[in-house]
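# Structure assessment
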Amino acid sequence: MAGTGTAHMRPADETLLRVEDLVVEFPAGRRMKVHAVSGISVDVREKETLGLVGESGCGKSTTGRAIMQLPRPTSGRVLFDGRDLTQLGGNDLRQMRPQLQLIFQDPISSLNPRRRVVDIVREPLEVWNRGTSAARDETVAEVLDAVGLDMDSARTKRPHQFSGGQCQRICIARALVLEPKVIICDEPVSALDVSVQAQILNLLEDMKQRYGLTLVFIAHDLAVVKNVSDRIAVMYLGKLCEVAGPDELYTRPAHPYTAALLSAIPVPDPSATMKTPSSLQGELPSPLAPPSGCRFRTRCPRAEDRCAREEPQLRPVLSGEDHYVACHFPLIEAAEVATPVGAPTDVSINGH
Amino acid sequence: MSPLRNRKDVKRTISAKREAGRLLEVTDLSTSFKTPRGLAVAVNKVSIVLERGKTLGIVGESGSGKSVLSRSIMGLLPKQNVVRERSVRFEGQEIATLSNSAMRAFWGTEMAMVFQDPMTSLNPVLKVGRQITESLHYHLDMDKKQASDTALALLKSVGIPEAERRLEEYPHQLSGGMRQRIVIAIALACGPRLLFADEPTTALDVTVQAQILNLLQQQQRERDMAMVLVTHDLGVVAGRSDEIAVMYAGQIVERAPTRTLFAQMRMPYTEGLLKSIPKLEQPSHSRMQIIGGRPPDLVSPPPGCKFAPRCPYAQEKCHVDEPPLIEAETPGHYYKCWYPVGTASGKEALEKNLAAGVTQAVAAVAGDAALVAKVEEEVTA
């Protein structure tokens, strides 16, 4: 699973957020490193939703946090509105923060249980000293109304008096109150029931329209991601596998891993045949010592010798529109990628 | 009396009554919690029957009482502040009245449970092997060697690679999927005939979810074990259960053999649950169909149908009269609704609500462009 390629990147002037060759490593003691994210590049246009999908441990949340510079990436660039966030220091970076917001997976634990909801939502305005007190009240009331909470209960109640779905609405309100350009949603619906999940997905879609938001939507469920995204990037063990539009990705998955993810989604139809053998076996290899070559090869049904030696590059899928795959043996034909002369092979880069 | 003697006594009575009746027969089970505000009825007169080797899916939102039901059947709820009424018969024997020490003979050997969160249901300071062999020592009187051999075989059967090494590891050294496999191995250790799986995959990834569900199904087939699969996702139980019971506000609102349920859904709540699952076939950015609002307060539920305040089909009658659980044309299919889905009266009720602009009705069909267009046409005409 290579994805060190940049074939899928669009011209810089068209994109609002641009992540180039992002690497995030964590020290793990004894000179070992966790290779959480190993050189991925993604870009997001203004008012577009990018879906990042993959299993637990594939580095999708780390990518989201690295975009926010929490923590700062080991190497690579994060360009927001033309400015490289990785190069910005303390106060400059702080000035950029209101434009980028995060929504976390567990709504209940990401809210302070001892504060009233209205104070939680109002706090960002106070931190940034926006407007007069009356104007703040107005903004808070407007945002709470937009996410479907009523001001009266928010004024008196604390987070534990709300259900999980409502707490997620509070988190969304808190993220919206500073009118950010980009919201990074880190598994915002994984902790919720299906019925509430649908409500939150609709709400995010409404907020996107109303406030003209650009979203990075991180989740492990392709069905959810497909519903909200304009473009999806499939990740595996810190690398990109496939980038495509949602409908293209679903109808014609080119990467064996994408196909496996699709087949794992339970179908609410008793007559659907059980796809037992095709579903993915085994687990994610350790990110301390990722496999050489294609990182997916240890679980891939199509893996051959070449996959262990060479890391595949992202290349456009033939007959596909805006569809890129990083695989030596894709499920549908892809264009050959021209390897630059003298380019180091990935094995030597990652061969720790 | 020592628990050990007690256990053997009960064992004898169990074997005498074995094969005497259905595996599990729950009649009018109600479970309520005493709260400062009054009695919260979490399970309200629920009756279920489960035959040997079959799977029952229990589906509902958070707070619908599905977890309390399974715990109540197993007798795992605290005795204080809990009121449990009527009957639970296991293998023909009444177990609702048994004390905890008498129930100990059933837990593990006759019925076992797999909990939702494998992170918290394992003991973090005990090695995995010890946690599996514990029940083998206690219930099956195995010696150390036998128990560790059995544990090894169990780990292999639940698909854990390098099983010998894993026995010596602690839960935090394992991934979520592995931990859930261990929890399953513990539950299966003494060969129960009834397994409760309470949202076994909710905390896991989709890929691991598929693995764990396949594992449960395979183990169930091999051991001829009955299973109660509790989940909020109709997609999870669709291909893996013989019968499905849909719960809302502590009641069973629809119960049918799986295929019948999906083919002839009658309860608006079941329809709402099914429609709120995002589907891959839909184009992206399609509007999700939702069930507005949230489940009722269990201390003072609304009169009439409990689902009426959220129901797109609800009429005046629904807010006043509670519908009974009645049998549909298809035998074995029960539902609790005055204006069922897929019938003339249901269709009429929905169209009436849409024409009147009832919000939940409008929201429920928001993604259904064809229906919206049709209604708009009718309204303008």
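Residues numbered from 1 in each chain as written. Chains lettered and ligands numbered in written order. Predicted model: local features only at pLDDT ≥ 70, side-chain atom pairs only at ≥ 80, totals over all residues.

## Digging into the sheet that holds strand E1 (residues 24-35) of chain B
All names here are of chain B. Spatially, the four strands line up as an open sheet ordered E2-E1-E4-E5, and their pairing is antiparallel. For this open sheet the edge positions go to strand E2 (38-50) and strand E5 (93-94), each flanked by a neighbour on one side alone. Here E1 pairs with E2 via nine bridges, running antiparallel. Within E2, the residue paired with Lys 34 across the bridge is Leu 39. (Pairing = 2+ DSSP bridges. Helix = DSSP H or I, 4+ residues; strand = E, 2+ residues; numbered from the N terminus.)

## Observations regarding the pairing of strand E2 (residues 33-45) of chain A
Residue and element names in this part refer to chain A. Among the 13 residues of E2, ten are classified as buried, and the element is accordingly described as predominantly covered. Looking at chain direction, strand E1 (residues 15-27) and E2 are connected through ten bridges and run antiparallel. Looking at E2, one finds that Val 23 is bridged to Ser 38. Where E1 hands over to E2, the hairpin turn is made up of five residues, of which Gly 29 adopts a positive phi near 80°. (Buried ≥ 20, exposed ≤ 12 C-beta atoms within 10 Å, placed from the backbone.)

## Regarding the confidence of the model for chain B
All names here are of chain B. Residue-level pLDDT values for chain B average 83, and 89% of them are 70 or greater. For the stretch residues 1-10, pLDDT sits under 50, and the model shows nine contacts to residues farther than four places along the chain or on other chains. The complex model carries a pTM of 0.82, and its ipTM stands at 0.77. (pLDDT = per-residue confidence, 0-100. Contact = placed C-beta atoms within 7 Å.)

## Comments concerning helix H6 (residues 164-176) of chain A
Residues and elements named next belong to chain A. With 13 residues, H6 extends 18 Å between its outermost C-alpha atoms, agreeing within 8% with the 18 Å of an ideal straight helix rising 1.5 Å per residue. Burial within H6 is extensive, with twelve of its 13 residues counted as buried. For H6, every residue scored as buried is listed here: Gly 165, Gln 166, Cys 167, Gln 168, Arg 169, Ile 170, Cys 171, Ile 172, Ala 173, Arg 174, Ala 175 and Leu 176. (Expected span 1.5 Å × (residues − 1).)

## Some remarks on the environment of A:Thr139
Here A:Thr139 lies in helix H4 (residues 133-146). Placed 18 residues apart in sequence, A:Thr139 and A:Val121 show a C-alpha to C-alpha distance of 9.7 Å.

## Re the packing of helix H3 (residues 117-127) of chain A against H4(A)
All names here are of chain A. For the pair H3 and H4, interaxial distance at closest approach is 10 Å and the crossing angle is 120°. Put simply, H3 runs oblique to H4. Viewed along their axes, H3 and H4 form a crossing whose handedness is right-handed. Contact residues: H3 offers Val 118, Val 121, Arg 122 and Leu 125, while H4 offers Arg 136, Thr 139, Val 140, Val 143 and Leu 144. By residue class, the composition of the contact of H3 with H4 is six nonpolar, one polar and two charged. (Axes fitted to C-alpha atoms, helices over the stretch in contact; angles between N-to-C directions. Parallel < 35°, antiparallel > 145°, perpendicular 65-115°, else oblique. Left-handed = near helix turned anticlockwise from the far one by under 90°. Nonpolar A, V, L, I, M, F, W, Y, C, P; charged D, E, K, R; others polar.)

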